[in-house]
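The residues making up each chain are set out below.
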Amino acid sequence: FAVQIVVDGALGLGRADDILQSRAKQHRALHQGGKVFAVDIAQLAEPAALLALVVCGEYLFLRSRYERTPSVCLVTAQGSKGEFTLPDGTRVWLNGDSRLSYPETFDAEARRVRLDGEAFFQVNRDEKKPFIIKTAGFDVKVLGTCFDVKSYENNETSLVSVKSGKVQVELPEAMMKLVANEQLQINRQSNEYTKRKESYQHAMAWLQNTLHYNKTPLYDVIKDLERIYNCRIKFAPNQQFNYHLSG
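Nothing here was measured: the structure is a model prediction, and the numbers come from that model.

## Focus on the side chain of Thr76
(1) Moving on: Relative to the elements of secondary structure, Thr76 occurs in strand 2 (residues 71-76).
(2) Moving on: In terms of polar contacts, Thr76 uses its side chain to reach the backbone carbonyl oxygen of Asn95, at 2.5 Å.

## A look at the confidence of the model for the chain
(1) Moving on: Looking at the chain as a whole, the pLDDT averages 77, with 72% of positions reaching at least 70.
(2) Moving on: No element of the chain has a lower mean pLDDT than strand 1 (residues 51-52), at 40, and none a higher one than strand 9 (residues 146-151), at 98.
(3) Moving on: Counted against residues more than four places away or in other chains, residues 1-66, with its pLDDT under 50, gives 96 contacts.

## As for the packing of aromatic side chains
(1) Moving on: Enumeration according to the criterion identifies four aromatic pairs in this entry.
(2) Moving on: With 5.6 Å between their ring centres and 50 degrees between their planes, Trp93 and Phe120 make a pair best called tilted. Taken together, the residues span a long stretch of sequence, with Trp93 in strand 4 (residues 91-94) and Phe120 in strand 6 (residues 111-122) at a distance of 27 residues. Per residue, the accessibility class of Trp93 equals that of Phe120, and both read buried.
(3) Moving on: Taking the centre distance of 6.4 Å and the plane angle of 40 degrees together, the rings of Tyr102 and Phe106 count as tilted.
(4) Moving on: The exposure class of Tyr102 is buried, given its relative accessible area of 10%.
(5) Moving on: Taking the relative accessible area as the measure of exposure, Phe106 reaches 10% and is therefore buried.
(6) Moving on: One aromatic cluster is present, built from ring pairs that chain together Phe121, Phe131 and Phe147.
(7) Moving on: The residue whose ring lies beneath Arg227 is Tyr152, and the NZ or CZ to ring-centre distance is 3.5 Å.

## Some points on the side chain of Glu182
(1) Moving on: Tracing the sequence through the fold places Glu182 in strand 13 (residues 182-187).
(2) Moving on: Contact partners of Glu182, with chain neighbours within four places excluded, come to Val160, Ser161, Val162, Lys177, Lys195, Arg196, Lys197 and Glu198.

## A closer look at the pairing of strand 3 (residues 82-85)
(1) Moving on: Burial along strand 3 is one-sided: Gly82 and Phe84 are buried, and none of Glu83 and Thr85, which face the opposite way, are.
(2) Moving on: In this sheet, strand 4 lies alongside strand 3 in antiparallel orientation, the contact comprising four bridges. Paired with Glu83 across the two strands is Trp93, which belongs to strand 4.
(3) Moving on: Counting the residues between successive antiparallel strands, the hairpin from strand 3 to strand 4 contains five residues, one of them, Gly89, with a positive phi of roughly 95 degrees.

## Regarding helix 4 (residues 218-229)
(1) Moving on: The first and last C-alpha atoms of helix 4 sit 17 Å apart over 12 residues, in line with the 16 Å expected at 1.5 Å per residue.
(2) Moving on: Burial analysis of helix 4 places 10 of its 12 residues in the buried class, which makes it a mostly covered element.
(3) Moving on: Taken together, the buried positions of helix 4 are Asp220, Val221, Ile222, Lys223, Asp224, Leu225, Glu226, Arg227, Ile228 and Tyr229.
(4) Moving on: Elements that come into contact with the buried residues of helix 4 comprise strand 9, strand 10 (157-164), strand 15 (216-217) and strand 16 (244-245).
(5) Moving on: Remark: Asn230 follows helix 4 within two positions and exhibits a positive phi of approximately 50 degrees.

## Here's the deal with the nonpolar core
(1) Moving on: Grouped together as the largest cluster of nonpolar side chains are 29 residues, with contacts concentrated most on Leu86, Phe121, Ile133, Val140 and Phe147.
(2) Moving on: With four residues, strand 6 is the single largest residue contributor to this core.
(3) Moving on: Setting aside anything within four residues of it in sequence, one finds Ile133 in contact with Val113, Leu115, Phe121, Phe138, Asp139, Val140, Phe147 and Val149.
(4) Moving on: Counting eight residues, the second largest nonpolar core, distinct from the first, contains Ile222, Tyr229, Cys231 and Ile233.

Criteria and thresholds
- Residues numbered from 1 in each chain as written.
- Predicted model: local features only at pLDDT ≥ 70, side-chain atom pairs only at ≥ 80, totals over all residues.
- Heavy atoms only, no water.
- Helix = DSSP H or I, 4+ residues; strand = E, 2+ residues; numbered from the N terminus.
- Polar contact = N/O pair within 3.5 Å; in protein donor to acceptor, adjacent residues only side chain to side chain.
- pLDDT = per-residue confidence, 0-100.
- Contact = heavy atoms within 4.5 Å.
- Phe/Tyr/Trp six-rings, centres within 6.5 Å; stacked < 30°, edge-to-face > 60°.
- Buried < 20%, exposed > 50% of the residue type's maximum accessible area, 1.4 Å probe, protein only.
- Lys NZ or Arg CZ within 6 Å of the ring centre and 35° of its normal.
- Pairing = 2+ DSSP bridges.
- Expected span 1.5 Å × (residues − 1).
- Core = buried A, V, L, I, M, F, W, Y, C linked by side-chain atoms within 4.5 Å.

Here's what the structure looks like:
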């Protein structure tokens, strides 16, 4: 499913935003069944990839018409994945329900992108222009390496996991450096973080259509299943999520 809107500048940003929000509602309606059902892990490999260059990209492009900095936004629907190549040759794999935005042309000082969701990056090395990923709570800075960033807005935790090379994570009040088979877990509510050893095969299991968890809050596991199967999982009223899952 893909949407592309051409907006005449005379409409103004307000009218354009109304159009884009309307299309966003249509897009969400097509991908939200509203059903509650049991989850079968064997179905993980079945959902077909569904790519949408949709409302996010259109909105950014529209805004940029007035700023002279055209931007692109890549969006994957729930239950899908997407593989992309950025202008600098960097390869990106987006997990379901994720958005990656970036300028059509990177500036001379750095290659900046913004992520909401999860993505695996294979960054084309350029020591003169660092590759910087901005998320809602932290930045990730590299020169050229392979790593995974998981930063969903409605998750309790965010993760940065490294397959090869070195990765620098810049938090509001700290800076951490990671190497291969290391992972940084960040609590989005308390801003507490933990650096630990974690096999990249486990951290990036989603690329192989499998799941692996290491002391992951149950709430985050539920959110993962909802994204994979495009469903809502409901629990009894006053149900607590004070559990962690490993395996």
